[in-house]
Amino acid sequence: MLSLTLKDIAVSYAGLAAPVLSVPALQFAAGENVAVTGASGSGKSTFVNVVSGLEHVREGRIDWSGTDLVRLAEHRRDHWRAEHVGLVMQDFHLFPGLSALDNVLLPARLASAASSAVKRRARDLLAGTGLERPGQSVETMSRGEMQRVAIARALVRAPGIVIADEPTASLDEESGQVIADLLIGLAGAAGATLIVVSHDPALISRLPRRITLERGQISHDSKAAVI
Amino acid sequence: MIGFILADIRRHKGGTIAILLLVAFAVALAVSVTLQERALRLGSARAANAFDLVIGAAGSETQLVLSSVFLQPAPLPLMEGAVLQRLAADPRVAFAAPIGFGDSFAGYPLVGTSTALVAHLSPQLQEGVGLRQEGNAVIGSAVDLSMGAVIKPMHGTAEEGAHTHTGLAYAVVGRMKPTGTPWDRAILVPIQAVWELHGMGHDKAEHEEAGHEEAGHAEAGHAGGEHEHSADATAPINEDWAEHSAGVPAVLVKPKTIADAYKLRQEYRSGTTLAVFPGEVLTRLYATLGDAKILLMAVAIGTQVLIAAALLLVTIMHVGQRRRQIGALRAFGASRTVVFRIVWLQLFAISLAGILLGFGLGYLVSDVIGGIVSRQNGFTMPVAFARGDLAFAAFVTAFAAVLAVVPAVLAYRQSPAAALKG
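Residues numbered from 1 in each chain as written. Chains lettered and ligands numbered in written order. Predicted model: local features only at pLDDT ≥ 70, side-chain atom pairs only at ≥ 80, totals over all residues. Heavy atoms only, no water.

Undergrad: Provide a residue-level description of the pattern of salt bridges, including the pertinent values.
TA: Using the criterion set out here, one finds 23 salt bridges over all chains in the structure. Among the ionic pairs, glutamate 32 of chain A bridges to arginine 209 of chain A, the shortest N-O distance being 3.2 Å. With glutamate 32 of chain A in the loop between strand S2 (21-28) and strand S3 (33-38) and arginine 209 of chain A in strand S9 (residues 209-214), the pair connects residues that are 177 residues apart, well separated along the chain. Under the relative-accessibility criterion, arginine 209 of chain A is labelled buried at 5%. A salt bridge links glutamate 37 of chain B to lysine 293 of chain B; the shortest N-O distance between them is 4.0 Å. Linking glutamate 37 of chain B in helix H2 (residues 13-49) with lysine 293 of chain B in helix H8 (residues 278-321), this pair joins segments that are 256 residues apart in sequence. According to the relative accessible area criterion, glutamate 37 of chain B is buried, its value standing at 16%. (Salt bridge = Lys/Arg side-chain N within 4 Å of Asp/Glu carboxyl O. Helix = DSSP H or I, 4+ residues; strand = E, 2+ residues; numbered from the N terminus. Buried < 20%, exposed > 50% of the residue type's maximum accessible area, 1.4 Å probe, protein only.)

Undergrad: I'd like a rundown of helix H7 (residues 258-267) of chain B, residues and numbers included.
TA: Residue and element names in this part refer to chain B. Considered for burial, the residues of H7 that qualify are Asp260, Ala261, Leu264 and Arg265. With its buried residues spanning 135° around the axis, H7 presents them on a single face. The inward-facing, buried residues of H7 abut strand S1 (53-57), helix H4 (81-89), strand S2 (93-105), strand S11 (250-255), strand S12 (273-276) and H8. (Arc of directions from axis to C-beta. Contact = heavy atoms within 4.5 Å.)

Undergrad: If you had to explain the packing of helix H1 (residues 2-11) of chain B against helix H10 (residues 336-377) of chain B to someone new, which residues and values would you point to?
TA: Residue and element names in this part refer to chain B. The geometry of H1 relative to H10 is characterised by a closest axis approach of 10 Å and an angle of 55° between their N-to-C directions. In terms of axis orientation, H1 runs oblique to H10. H1 and H10 meet at a crossing whose hand is right-handed. Here H1 contributes Ile2, Phe4, Ile5, Asp8 and Ile9 to the contact with H10, which in turn contributes Ile342, Leu345, Gln346 and Ile350. (Axes fitted to C-alpha atoms, helices over the stretch in contact; angles between N-to-C directions. Parallel < 35°, antiparallel > 145°, perpendicular 65-115°, else oblique. Left-handed = near helix turned anticlockwise from the far one by under 90°.)

Undergrad: Outline the side chain of glutamate 61 of chain B, supporting the account with residue identities and numerical values.
TA: Residue and element names in this part refer to chain B. Among the structural elements, glutamate 61 can be located in helix H3 (residues 61-68). By relative accessible area, which is 17% here, glutamate 61 ends up buried. A polar side-chain atom of glutamate 61 sits 2.6 Å from a polar atom in the side chain of arginine 269. Among the polar contacts listed, one links the side chain of glutamate 61 to the side chain of arginine 284, at a separation of 2.3 Å. (Polar contact = N/O pair within 3.5 Å; in protein donor to acceptor, adjacent residues only side chain to side chain.)

Undergrad: Explain the side chain of threonine 5 of chain A to me, and be specific about the residues and the numbers.
TA: Within the element layout of this structure, threonine 5 of chain A appears in strand S1 (residues 4-11). Ignoring any residue separated from it by four or fewer positions in sequence, one finds threonine 5 of chain A in contact with Leu26, Gln27, Arg61, Ile62 and Asp63 of chain A.

Undergrad: Which residues make up the packing of H2 of chain B against H10 of chain B, and what values go with them?
TA: Residues and elements named next belong to chain B. Taken N-terminus to C-terminus, the directions of H2 and H10 make an angle of 40°; their axes are 6 Å apart at the nearest point. Between H2 and H10, the crossing angle belongs to the class labelled oblique. Considering how the two elements wind past one another, H2 and H10 form a crossing that is right-handed.

Undergrad: Any chance you could break down the domain arrangement of chain B for me, citing the residues and the numbers?
TA: All names here are of chain B. Each domain of chain B was delimited in the assignment, giving domain 1 (2-45 + 284-421) and domain 2 (53-276). The C-alpha centroid of domain 2 is placed 52 Å from the C-alpha centroid of domain 1. Taken together, the contact pairs nine residues of domain 1 with eight residues of domain 2. When the two sides are added together, the surface that domain 1 and domain 2 hide from each other amounts to roughly 640 Å², 54% of it contributed by carbon and sulfur. Three residues stand out in domain 1 for area buried against domain 2, namely Asn377, Gly378 and Phe379, and they jointly supply 45% of the buried area on that side. Viewed at the interface, domain 2 and domain 1 are joined by one salt bridge. The shortest N-O distance in the salt bridge between glutamate 61 and arginine 284 comes to 2.3 Å. The interface formed by domain 1 and domain 2 contains one residue pair in polar contact (both at pLDDT 80 or more). Mapped by element, the contributors of at least two residues to the side of domain 1 that touches domain 2 are H8 and H10. Take the side of domain 1 that touches domain 2: its biggest share by element is three residues, from H10. Residue classes in the side of domain 1 that touches domain 2 are distributed as two nonpolar, five polar and two charged. (Domains from an automatic or database assignment. Buried area = accessible area lost by both parts, 1.4 Å probe. Nonpolar A, V, L, I, M, F, W, Y, C, P; charged D, E, K, R; others polar.)

The structure is reproduced here in structure tokens:
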């Protein structure tokens, strides 16, 4: 369970006049569930890349409970992300040719962290998502089932942060609802801070805090409005 | 990591097999060139091993070796019978065996010689007995005739439109053990019979007509038919060359010591005779062959470079196609070094399998070619790897390892965020 403090974050690309993301200050409490919304091109993906350490930012602070990603070298960020962040993406990024269980365990294995406890947890998580055959090859699964595998993968190392980028966008309504349930339920059970980038009103409505991005800036923050 | 690589290989089976085969063929080409050249060198050196010193009439050294050691049919000039007489009497000579060729039977070269050469080539016979009478023949191990078979010698070879000698038919009495030389395909008969059949070196009292022009004729240049001579198949062999000897194209000399060998070569290298160490002549031949090998190796290496370039292109494209996958791996926490290792290991493993397959394939091809050469020429081509091949294998492996670094570095430097956006 980690808390986030963003300060003076600005991401710009060469050739673009305005920064694609500019956040002077933002705080997430540990264990908070936050929805990030906005039109496409508003900076949502950049926001995900910045808070997950995928995109390197040279100035400001991205402080996750005392670890400032701005000051971490690339390999340290990789290491930190492997340990603390579970990612769920719109198009799953499962690896064909591997079974559901092997996909869930892949990040742990690549980090040489697939202990027997992790393996047990992988089986439990897969069972918890309602998948009955952990040995099933992922190519043979429906999209909803694939996303369940992806959620199990995100949670297998009990990360302090779960970040989901449009997790329901490529699913039908029914599957989307199952995924939303699982995401919120399992992240909550693990006590992880949950950040969900989404257009899906059904999913957004279930998250207590909502932030809206517009042209790289936070135009609305439901928590700030309350305060 | 291994599981992930295996899954990726399984998924790209076709491409993987294509790369594997490309590498295998490139390696096999170089390996078979090396092995063939070595086999030829070793095989011919072994074939020449039994022939310490060969003396013939003045002419081409190479032709003398090709005709005597490798039994390649060619018209060779004859030496006077006196040369054989002198050699047989020389105290420095352990034995001097005449070698008379020109006749053939069923595609096998028929060689007129002495009992000493039979004993030299095959101290113990595989079956049967040695030469005792003029009508006896001892065959090489690879001659497809059975004991007692009748041999009607043919002057020249069938392809040259030769005629059959009617004066004498030999009977197979013995078979030599395999020697791994072209002599395994030879039929050995008493030189005495050959002389008589060609009307040479007869006892003057018995055969009046023997004195005429025949003594000087070149073996294969004989325009057959007009003079048929006959010989007595049951006449005992007389190897007292001083008593009767006619012209021979070559004499194999076994000197008693190495010093004697050099002295003899010196002595018989002037005027009308030519003395050669077949090993030495072959060494000179290899020098020429060596140039051909360099050319072939250059072609083989050129092929390898082209294939390496094609491989590089393919793998770089493959990494490009896997941008998202590699990005995802990074996003899920795989470090850059893990990504590097995955890409490197995958390409290197495929290349290594290709290299191993290539060595196997190269060996197989060389072995098959060696087998064909053995069957046709009778001399064994020993196809074998040598220490030098290890260096080649190490070099190719190292090259593959270095080559695999290129796409691995590309994958290593790829930003995970950029990869996921696409």
